[in-house]
Amino acid sequence: MRTSKRSLPEDFHDSKRKRIRKTTTQLQAITSWDQTPYLVLLEVFKHLSDKSRCVASQVCRAWNNAFKNPSLWRSKSFVVGGPNAQNAAFRAIQFTKLFGHNLQELRITCRHLTSSTCKLIIENLEAVFLLLAASRLRLLVVAELELDRFWRYPNLRTSAAICLVNFIQSQSGLEEFAMKSAQFSLQQGVCLLDVLAAASGPKITTLDIEDFFSNQNAVGVFGAFKTVLLKFENLSSLALNYCYLSDELMEHLALVLKGRLKRFTIRANHDEPGETISNKRWSLLKLACPNLAVYLTMSAIIEVDNVLQILAPSMPLVSFYMWPGFDPRLDTQLEWQLTVTMNHVANHFHESLEELVFNGDNFPDSLDDELIRTIARCNQLRIIRMKITANINGLHFVRSLCGLLKEDDCTLKDVCITLCDIFVPDDVHARDQINQLVQEMQPFIDTRGIDLEFRSLDDF
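Just so it is clear, the model here is predicted, and its values are computed rather than measured.

Enquirer: Could you give an account of the side chain of asparagine 269, naming the residues involved and the relevant values?
Expert: One can find asparagine 269 in strand β7 (residues 263–269). Using a relative accessible area of 13% as the deciding quantity, one classes asparagine 269 as buried. Here the side chain of asparagine 269 touches arginine 267 through a polar contact of 3.0 Å, side chain to side chain.

Following this line, the structure appears as structure tokens:
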């Protein structure tokens, strides 16, 4: 017999009504996205890539309006050159046409592959800077321009300098300027800095000109550079090469930047001529700027006398990076005395050093005991980065370091050790033993809140 609708149980109708209400609620949720509060939409858009923002802007009018908000386009990073130079150039130019007037922070990284890439880089820079002439940037970074690569095209070096000078002249609100590894000639570089000082000098608080000049120039002895650098009177952060400095310049920096300079980043290279800064001048600068912190990178400087002269005891050294740059042609008995360097660091900077980075993968002798003593003695040390050989010496260093981390007064919080297999291991089981040590340390470092990382070059 056929069952009538009227005879169906009541809970059947209740279940059906619930399903209808649930479906209706879901549809309402889908159709209410265009009612999302504007500030919430902006926050969502801030976490999207440019491509995702473009796709999302086509959903509805409300989303498109959020897409056009200037706050989304204040900061941008470009890569010019590289393996996809043409596509990268097209994207950079298109972005600049659409949103360049909103930019406040611009970061450009140059990627050199071939001689033709040099031409593309200059063409891209000229196009982008021409479109940005009416913008008002507060931060400008142009990294790795490396004009020494343009040796086949001297006219391009001139074009690059003119392009940058013209653009900087149009910017009167720059607060941070970085042009690391630009490699200008002395005349071109001083001219560009002079234009920068005239346009934005009083507002510049951060100036990064590391490797700004070609490495054959002993910049510090030229009066034109000293004059233009001292025009930046409000610097709180300055980065440059050691060969740009002189005792006279340090004395003037102490007067001009008194109480303002807080971060001084210095790179010392083995092939750069220059004047050694006296301990007296470091004392003068530290007295004038009591909050000063020096971040020193020393690359392939071998002779111990030169090393110790650079590491003046009065320098307020906070971070020290050292790459020995071993050359097997040298007489290691005469030239290499890194144990002396490590002892010097421990003796004079144990109250200030917070970060120690040592790249020793190409150094044939053991420095393990000296490194451990240095680490143990520096009572402000928080961060260490080491690149060591995964052999029996490396195992000894890791075992000593793990013991040091277990001490109650250990200040280390961030430790990264990279293991390398460049030399033939003295013990084929060294890496396995190191890994076992790390596993045994894991429960302890978790309770102490230490960020300990061991990695191999194979991981890169």
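Enquirer: Can you explain the environment of alanine 143? Please cite residues and give values.
Expert: Among the structural elements, alanine 143 can be located in strand β3 (residues 139–143). Using a relative accessible area of 16% as the deciding quantity, one classes alanine 143 as buried. Taking the C-alpha atoms as reference points, alanine 143 and cysteine 110, 33 residues apart in sequence, are found 6.3 Å from one another. Non-local contacts of alanine 143, meaning those with residues more than four positions away in its chain, are made with Ile108, Thr109, Cys110 and Lys180.

Enquirer: Outline the pattern of salt bridges, listing residues and values.
Expert: For the structure shown, the criterion picks out 15 salt bridges. Salt-bridge contacts for arginine 53 lead to aspartate 50; the nearest nitrogen and oxygen are separated by 3.9 Å. Residue arginine 53 and its partner aspartate 50 are located together in helix α3 (residues 50–56), separated by 3 residues, close to a single helical turn. Taking relative accessible area as the criterion, arginine 53 reaches 7% and is therefore assigned buried. Residue aspartate 50 is classed as partly exposed on the basis of its relative accessible area, which comes to 25%. Between lysine 226 and glutamate 248 there is a salt bridge, with its nearest N and O atoms 3.0 Å apart. Highlighted residues: lysine 226 in helix α9 (residues 223–229) and glutamate 248 in helix α10 (residues 247–256), separated in sequence by 22 residues.

Enquirer: Go over the nonpolar core, please, and point to the residues and values.
Expert: One finds Leu207, Phe225, Phe264 and Phe320 to be the most contacted residues of the largest nonpolar core, which totals 130 residues. Considering every element that reaches this core, the biggest residue donor is helix α7 (residues 154–169), with 8 residues. In this structure phenylalanine 225 touches Val190, Leu193, Ile209, Phe213, Val219, Tyr244 and Leu249, once residues within four positions along its chain are discounted.

Enquirer: Any details on unusual backbone geometry? Residues and values, ideally.
Expert: The phi dihedral of glutamate 146 falls on the positive side, at around 50 degrees, and the residue is not glycine. Residue position: glutamate 146 is located in the loop between β3 and α7. Residue classification places glutamate 146 among the buried positions, given a relative accessible area of 17%. Its identity is not glycine, yet aspartate 211 carries a phi of approximately 55 degrees, on the positive side.

Cut-offs applied
- Residues numbered from 1 in each chain as written.
- Predicted model: local features only at pLDDT ≥ 70, side-chain atom pairs only at ≥ 80, totals over all residues.
- Heavy atoms only, no water.
- Helix = DSSP H or I, 4+ residues; strand = E, 2+ residues; numbered from the N terminus.
- Buried < 20%, exposed > 50% of the residue type's maximum accessible area, 1.4 Å probe, protein only.
- Polar contact = N/O pair within 3.5 Å; in protein donor to acceptor, adjacent residues only side chain to side chain.
- Contact = heavy atoms within 4.5 Å.
- Salt bridge = Lys/Arg side-chain N within 4 Å of Asp/Glu carboxyl O.
- Core = buried A, V, L, I, M, F, W, Y, C linked by side-chain atoms within 4.5 Å.

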